[in-house]
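# A look at the structure
What follows is the residue order along each chain.
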Amino acid sequence: MKYEIINSDLFKSNRKNYAEFLKPESIAIFVSNDIFPTNADGTMPFKQNSDLFYLSGIDQEETTLVVCPDYYNHNYQEMLFVKETNEHIAVWEGNKLTKKEVSERSGISSVYWTSEFESIVSVIIPECKNIYLNANEHSRASKTLDTKQDKFIEWCKKNFPLHNYERSAPIMHKLRAVKSPLEIALIQKACNITEKAFKRVLEFVKPNVAEYEIEAEILHEFIRNRSRGPAYAPIIASGKNACILHYTENSGTCKDGELILMDIGAEYANYASDLTRTIPVNGKFSPRQKEVYEAVLRVLKKATSMLEVGNNLIDYHKEVGKLMESELIGLGLLNKEDIAKQDPNKPLYKKYFMHGTSHYLGLDVHDVGARNRPFESGMVFTCEPGIYIREEGIGIRLENDILITKDGPVNLMKNIPIEIEEIESLMNQ
């Protein structure tokens, strides 16, 4: 790992909060993510299961967490099972975490090797009534393959078919939606790294530079600041490419007179940031580009003010849609008569603003949390309105990461340039 070690108090507190939701006489088990293969003997970089990391702080493959708060033997109330190293692994991959290191990072004193898991839990589970298992229940989750998590669920139900099974996901969604001060500090660190990358790009961009060259500048700045890299695939979209919402090819040439939409975000300690800025290739917005940009910026500012305690994503998105309708009328893209006759389930503004304005942010870019849950202090959301005019080759999106507090929204990206005058000034120094 590149990031600095996190205080284990975070994970102790997270486990304590999680355990309070469990029924009496319960055991909960979390397994790490797979290492996914590529071709031949290649593998993708390992990314820890977010829930397991949230509860343990252990960022290593072949890790299993067991929480059994009511068990009579205190040594078995919290356990971690981790991969045992050997000389071969040490030579080829480097040393894995020692039991002492695992204990220090997690705050869990009972640490065992992964090979001991079945023999230990097979003694504990028969004395429990409920088994809590975890699964990826994000509303946009892909279910195209059987994961290690899926296989563990099958193993558990095969070996202990008469137990009562419960879901951990609803508990995790509730807990992870509200960030602790230490989590907020980690997200802020990720945002600060992203800020450095964006400011670096402002000095780098000029006509005829390639999108992938800009991406390279960004990744350089991420990694040199202790980020593992991007929290998601970077979007560097110039000209008409900016009207492709999930454009990640980043192979085009940035031409004089065009705009570049950059959706980028550093990860730090598994926590994500998520930024979008749109800048002129030549350092100067055209009058039409400026007109559209200012419309998006007005929606961003008004939408940010609505990210306050008590609101919710469903009502919030309806209100943002009304703001966008007004701006699109002002830009000559919609008219009031057509809006008055529109199907409310298919609003016309969606032609130019197709995606949602905000989503939860945390250990995952699209973090877990209920859409109908009232906003609470400690939640973090993106705010990212956009206008995409394909016939004009203009795509503009602006995005900040916003912390909700009892005193109002706090912009975690307040130091990242966004006003037209500031961007033009920095690009033309």
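Predicted model, so just to flag it, every value in this text is computed and none were measured.

Calculation criteria
- Residues numbered from 1 in each chain as written.
- Predicted model: local features only at pLDDT ≥ 70, side-chain atom pairs only at ≥ 80, totals over all residues.
- Heavy atoms only, no water.
- Helix = DSSP H or I, 4+ residues; strand = E, 2+ residues; numbered from the N terminus.
- Rg over C-alpha atoms; globule rule 2.2 N^0.38 Å.
- Buried < 20%, exposed > 50% of the residue type's maximum accessible area, 1.4 Å probe, protein only.
- Areas by Shrake-Rupley, 256 points an atom, 1.4 Å probe, with all protein chains shown as cover.
- Pairing = 2+ DSSP bridges.
- Axes fitted to C-alpha atoms, helices over the stretch in contact; angles between N-to-C directions.
- Phe/Tyr/Trp six-rings, centres within 6.5 Å; stacked < 30°, edge-to-face > 60°.
- Disulfide = S-S within 2.5 Å.
- Contact = heavy atoms within 4.5 Å.
- Arc of directions from axis to C-beta.
- Salt bridge = Lys/Arg side-chain N within 4 Å of Asp/Glu carboxyl O.
- Core = buried A, V, L, I, M, F, W, Y, C linked by side-chain atoms within 4.5 Å.
- Left-handed = near helix turned anticlockwise from the far one by under 90°.
- Nonpolar A, V, L, I, M, F, W, Y, C, P; charged D, E, K, R; others polar.

### Remarks on the overall build of the chain
- Summing up its helical and strand segments, the chain has 13 helices and 17 strands in all.
- The C-alpha radius of gyration of the chain comes to 24 Å, within 12% of the 22 Å expected for a compact globule of 429 residues.
- Judged by the C-alpha coordinates and their principal axes, the chain covers about 70 × 50 × 40 Å.
- Across the 429 residues that make up the chain, the buried fraction comes to 53%.
- Accessible area of the chain: about 20000 Å², with a carbon and sulfur share of 50%.

### Some points on the sheet that holds strand 8 (residues 235-238)
- Pairing is antiparallel across the open sheet formed by 3 strands, whose spatial order is 8-9-12. Every interior strand has two partners, whereas the edge strands, strand 8 and strand 12 (275-280), have only one. Between one strand axis and the next, the sheet turns by 15 degrees as a mean value, whatever way the strands run.
- Sheet topology places strand 9 (residues 259-264) next to strand 12; 6 bridges connect them, and they run antiparallel. Bridge pairing links isoleucine 260 to isoleucine 279 in strand 12.

### Things to note about the packing of aromatic side chains
- Within the structure shown, the criterion is met by 17 aromatic pairs.
- Measuring from ring centre to ring centre gives 6.2 Å for tyrosine 349 and phenylalanine 353, while their planes differ by 35 degrees; the resulting arrangement is tilted.

### Some thoughts on the state of the cysteines
- On inspection of all chains with the given rule, the structure shows 0 disulfides.
- Here cysteine 68 is not cross-linked by a disulfide; its sulfur's nearest cysteine counterpart is in cysteine 128, at 3.7 Å.
- A relative accessible area of 1% means that cysteine 68 is categorised as buried.

### What about the environment of phenylalanine 117?
- By secondary structure assignment, the location of phenylalanine 117 is in helix 5 (residues 117-124).
- Here the alpha-carbon distance between phenylalanine 117 and isoleucine 89, two residues 28 residues apart in the chain, equals 20 Å.
- Filtering out sequence-adjacent residues up to four positions away, phenylalanine 117 remains in contact with Ile29, Thr64, Val66, Phe81, Phe152 and Trp155.

### Thoughts on helix 13 (residues 420-427)
- All of the buried residues in helix 13 are Ile420, Ile423, Glu424 and Met427. Considered in projection along helix 13, the buried side chains sweep an arc of 95 degrees and stay on one side of the axis.
- In this structure, the buried residues of helix 13 make contact with helix 8 (181-204), strand 12 and helix 10 (287-305).

### Focus: the pattern of salt bridges
- Within this structure, the stated rule accounts for 29 salt bridges.
- Its salt-bridge partner being glutamate 424, residue lysine 284 comes within 3.6 Å of it at the nearest N-O pair. Residue lysine 284 is found in the loop between strand 12 and helix 10, and its partner glutamate 424 is found in helix 13; the two are separated by 140 residues along the sequence.
- Residue glutamate 424 is classed as buried on the basis of its relative accessible area, which comes to 10%.
- A salt bridge links glutamate 392 to arginine 288; its shortest N-O distance comes to 3.0 Å. Of this pair, glutamate 392 sits in the loop between strand 14 (386-389) and strand 15 (394-397) while arginine 288 sits in helix 10, and the two are 104 residues apart along the sequence.

### Brief notes about the nonpolar core
- Ranked by internal contacts, the top residues of the largest apolar core, which has 104 residues, are Tyr18, Ile214, Ile279 and Ile387.
- No other element matches the 10 residues that helix 8 contributes to this core.
- Apart from residues no more than four positions distant in its own chain, isoleucine 214 is found in contact with Val201, Phe204, Val205, Val209, Ile236, Cys254, Ile260 and Met262.
- Among the nonpolar cores identified, the runner-up in size contains 21 residues, and Phe117, Ile125, Ile131 and Leu133 belong to it.

### Concerning the pairing of strand 9
- Counted residue by residue, strand 9 has 6 buried out of 6 residues, so it is predominantly covered.
- Here 4 bridges tie strand 8 to strand 9, and the two strands are oriented antiparallel to one another. Across the sheet, the residue bridging to alanine 237 is leucine 261, located in strand 9.

### Some remarks on the sheet that holds strand 10 (residues 266-268)
- Strand order across the open sheet formed by 3 strands is 7-10-11, with antiparallel pairing between neighbours. Across the chains shown, the open sheet's two edge strands, defined by having one partner strand only, are strand 7 (229-230) and strand 11 (271-272).
- Looking at chain direction, strand 10 and strand 11 are connected through 2 bridges and run antiparallel. In the strand pairing of strand 11, tyrosine 268 is matched with tyrosine 271.

### Some thoughts on the packing of helix 8 against helix 9 (residues 211-224)
- Running from amino to carboxyl end, helix 8 crosses helix 9 at an angle of 145 degrees, the nearest separation of the two axes being 8 Å. Remark: the crossing between helix 8 and helix 9 carries right-handed chirality. Of the residues in helix 9, those in contact with Ile193, Thr194, Lys196, Ala197, Arg200, Val201 and Phe204 of helix 8 are Glu213, Ile214, Glu217, Ile218, His220, Glu221 and Phe222.
- Considered class by class, the residues forming the contact of helix 8 with helix 9 number 7 nonpolar, 2 polar and 5 charged.

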